[in-house]
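For reference, the chains in residue letters:
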Amino acid sequence: MTVLSAAPAADRGKTTIADRVVERIATRALAGMDGIGTATANANIEGNTATLRLRVSVRYPEPVSEVTGRARELVRERIGELTGLGVPRVDITVTALEAASDTRRVR
């Protein structure tokens, strides 16, 4: 019986994940999130970590700080699950407050 042994990690190949892949994971994760309207992402990967800059609109009257906090955690979790990258920093810029479709205007 022949036993095959795996080559040492240093001798094996390396998986490279493009910034664009991480950006798409982030925007897709946010697309289904309550309280978020539109979202775009810019990612920068260095080693085993990704830093993200998100631009999002928040649906009014959702609390901005709660929505952005949930968005930050969701993006960190999804990128970690799908890529194995750590996400120590997620900067979020709120670009607009969008009226929810069921919000009524008083005249």
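What counts, and at which threshold
- The numbers attached to residues start from 1 for each chain and follow its sequence in the written order.
- For this predicted model, a pLDDT threshold of at least 70 governs which residues receive local features, and a threshold of 80 or more governs which side-chain atom pairs are given and counted, while totals over whole chains, interfaces and linings are taken from all residues.
- In computing side-chain values, all of the structure's heavy atoms are included and hydrogens and water are not.
- Here the term cavity refers to a set of points on a 1 Å grid, laid over the protein atoms alone, in which a 1.4 Å probe fits but cannot get out; the term pocket refers to an open set having protein on both sides within 12 Å along at least five of seven lines, with lining residues being those that place an atom within 4 Å of a point.
- Grid points are joined across faces, edges and corners, and a volume is the space filled by probe spheres set on the points.
- As a working rule, the residues Ala, Val, Leu, Ile, Met, Phe, Trp, Tyr, Cys and Pro are called nonpolar, Asp, Glu, Lys and Arg charged, and the rest polar, with Gly in that last group.
- The predictor attaches a confidence to each residue, called pLDDT, with possible values from 0 through 100.
- Helix numbers and strand numbers start at the N terminus; a helix is a DSSP run of H or I with at least 4 residues, a strand a run of E with at least 2.
- Only protein chains enter the accessibility calculation, which uses a 1.4 Å probe; a residue whose area is less than 20% of its type maximum is buried, one above 50% is exposed, and one in between is partly exposed.
- N or O atoms closer than or at 3.5 Å make up a polar contact, with two conditions inside protein: a donor-capable atom paired with an acceptor-capable one, and, for residues adjacent in sequence, both atoms drawn from side chains.

Caption draft 1: Local environment of the layout of surface pockets. The volume enclosed by the largest pocket comes to roughly 210 Å³. Forming the walls of the largest pocket are Lys14, Thr15, Thr16, Ile17, Ile45, Gly47, Asn48, Thr83 and Leu85. The residue makeup of the lining of the largest pocket, split by class, is three nonpolar, five polar and one charged.

Caption draft 2: The confidence of the model for the chain, seen in detail. The pLDDT averaged across the chain works out to 90; a share of 88% of its residues lies at or above 70. Model confidence for the chain, summarised as mean pLDDT per element, is weakest for strand S3 (residues 86-99) at 96 and strongest for helix H2 (residues 64-83) at 98.

Caption draft 3: View of the side chain of Thr83. The residue Thr83 is located in helix H2 in this model. You can call Thr83 buried: its relative accessible area is 18%. From its side chain, Thr83 meets the backbone oxygen of Ile79 in a polar contact 2.5 Å long. From its side chain, Thr83 meets the backbone nitrogen of Leu85 in a polar contact 3.1 Å long.

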